[in-house]
Amino acid sequence: MSTLPVKQNSKPFLSPLHSAAALVPRLSSPLFVARTLKVLAASDHGYYVFESELADVIPVVKTSIAGTRIVGRLCAGNKNGLLLPHTTTDQELQHLRNSLPDHVVVQRIDERLSALGNCISCNDHVALTHPDLDRETEELIADVLGVEVFRQTIAGNIVVGSYCAFSNRGGLVHPHTSVEDLDELSTLLQVPLVAGTVNRGSEVIAAGMTVNDWTAFCGSDTTATELSVIESVFKLREAQPSSIVDEMRKSLIDTYV
Amino acid sequence: MRLEKCWFCSSTVYPGHGIQFVRNDAKIFRFCRSKCHKNFKMKRNPRKVKWTKAYRRLHGKDMTQDSTFEFERKRNRPERYDRNVAEKTLIAIKKIDKIRVAREARHHKMRMKGKQAIERQAALTELEKSIDLVKAPASLLQESQITPKIKVKVADTQPQVEHMEE
């Protein structure tokens, strides 16, 4: 199990939403030091899984957003920046700013739709957003994350951040996305897309898994079929964490405090 | 913990005080006490309610534009924590407060300037017009008929020294 690039959370009592909804994948280009935001509560078992898997590869940062533990659904980020809702407290903002490298812009946004993880889905080049986002927010996204922003719906759902998950290599979307929609999205995002499910048929993809360029974490209910689909679309099969890390280590620019 | 401003009167709301109202369009209204909250529920416009900061600013009673206000803006893009900067900021906060208070006092003084002269002039005109409230007209007439005492300067004469006749 430990050699698979896709980790299944082995704790049986974790609900699908609980396991990956709390996390956000930090980027992906090998030059960037990927960080993963973690859940603050010590009682959360998912934290230990992440720490055990990722702690030697990338720094793991414990935080809360707006005093809650659902960090993954509230914020959106990539290698260029991190966007936070207006409910983020000043102390949390400062903590994040101190823990992340300087080239990552940490920005708090005044936006009516404050669950940014559910409204924005992005990789390093492109972002899909909720169609009802403000114009200023859209400009901020383009500015802070350095991406091209597209207002889209996925399978008729406006909450794009929760119904799709994509990285620089591939993407997984809501199972009921039609073929034409899939093609359109694929050309927009410039990555191969697949309509699939996670956590035994759950349509809410981003709530059940979290992914970056070289690894993915899924909820414990994910079936083997779903796992194989995820591995193939995100091209994780050949990628072994150790080999990637060795490659990355030379170009890691961060200073370990 | 963050010290917010009351939406109605603009005073600071400390932790443990006040009410926060979230409208359906996700706009948050914070009130420092029930007085402001009740006024809001009555749909009163703070710009028309005399004791609020909004009214005072709008009508020029309080300072509106000043560079010291720029320091208190809410910032959404934090900077990495630097101990020296933090130390200097704390000192600066005290100094800026002092300067702001001094400027507000000066603004008030400028606003009240010329008030004494106007008051004195108004008092004089009132005195002339309504003197009959104080003194009876008959006494006024008597006063005008009495010739004023004239002072005459007397030449200084040397006192004759009386010698004792021997």
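All values derive from a computational prediction rather than experimental measurement.

A few words now on the UniProt feature "domain: TRASH" (unreviewed entry) in chain B. The UniProt feature table records "domain: TRASH" (unreviewed entry) at residues 6-44 of chain B. Measuring from the first to the last C-alpha atom of residues 6-44 of chain B gives 14 Å, for a span that is 21% helix and 26% strand.

Take the interface of chain A and chain B next. With 18 residues of chain A in contact, the opposing surface of chain B contributes 13 residues. Taken together, the two surfaces of chain A and chain B that pack against each other cover about 1300 Å², and 38% of this comes from carbon and sulfur. Here chain A is connected to chain B by three salt bridges. The salt bridge involving Arg77(B) is made with Asp143(A); its shortest N-O contact spans 3.7 Å. Taken together, the connections running from chain A to chain B amount to nine residue pairs in polar contact (both at pLDDT 80 or more). Those elements giving two or more residues to the side of chain A that touches chain B turn out to be α4 (90-99), β6 (105-108) and α6 (135-144) of chain A. Here the side of chain A that touches chain B takes six residues from α4(A), the largest share from any one element. Grouping the amino acids of the side of chain A that touches chain B by side-chain chemistry returns six nonpolar, five polar and seven charged.

Residue and element names in this part refer to chain B. Per the domain assignment, the segments of chain B are domain 1 (4-70) and domain 2 (83-136). In this assembly, nine residues from domain 1 lie in contact with seven residues from domain 2. Interface area for domain 1 against domain 2, summed over the two sides, is near 680 Å², with a carbon-plus-sulfur share of 57%. Considering only the surface of domain 1 that becomes buried against domain 2, Lys61, Met63 and Thr68 emerge as the three largest contributors, covering 64% of it. At the surface where domain 1 touches domain 2, the tally comes to one salt bridge.

On to the state of the cysteines. Residue and element names in this part refer to chain B. Within this structure, the stated rule accounts for zero disulfides over all chains. Just so you know, Cys9 is unpaired, no disulfide at all, and the nearest cysteine sulfur is the one on Cys32, 3.4 Å from it. Take Cys32: its relative accessible area is 13%, and that puts it in the buried class.

Here is what the cut-offs are and how they apply
Per chain, residue numbering runs from 1 following the sequence as it is written. Numbering of ligands from 1 and lettering of chains from A proceed in the order in which they are written. Whole-chain, interface and lining totals are the exception, using all residues; otherwise, since this is a predicted model, local features are given only for residues with pLDDT of at least 70 and side-chain atom pairs are given and counted only at 80 or more. Note: side-chain values were computed over all heavy atoms of the structure, leaving out hydrogens and water. UniProt positions are given in the numbering used here, feature names are shortened, and annotations may be inferred rather than shown by experiment. Only DSSP runs of H or I with at least four residues qualify as helices, and only runs of E with at least two residues qualify as strands; both kinds are numbered from the N terminus onward. Any two residues whose heavy atoms approach within 4.5 Å at even a single point are treated as in contact. When two components associate, each loses some accessible surface as probed by a 1.4 Å sphere; the sum of these losses over both components is called the buried area. We define a salt bridge as a contact between a side-chain nitrogen of Lys or Arg and a carboxyl oxygen of Asp or Glu at a distance within 4 Å. Any N or O atom pair separated by 3.5 Å or less is treated as a polar contact, with the protein-specific requirement of one donor-capable and one acceptor-capable atom, and with residues adjacent in sequence counted only for side-chain atom pairs. Residues are grouped as follows: Ala, Val, Leu, Ile, Met, Phe, Trp, Tyr, Cys and Pro are nonpolar; Asp, Glu, Lys and Arg are charged; all remaining types, including Gly, are polar. All the domain ranges listed were derived from an automatic or database domain assignment. Cysteine sulfurs are considered disulfide-paired once they come within 2.5 Å of each other. Note on classification: 1.4 Å probe, protein chains only; a residue is buried when its accessible area is under 20% of the maximum for its type, exposed when over 50%, partly exposed between these limits.

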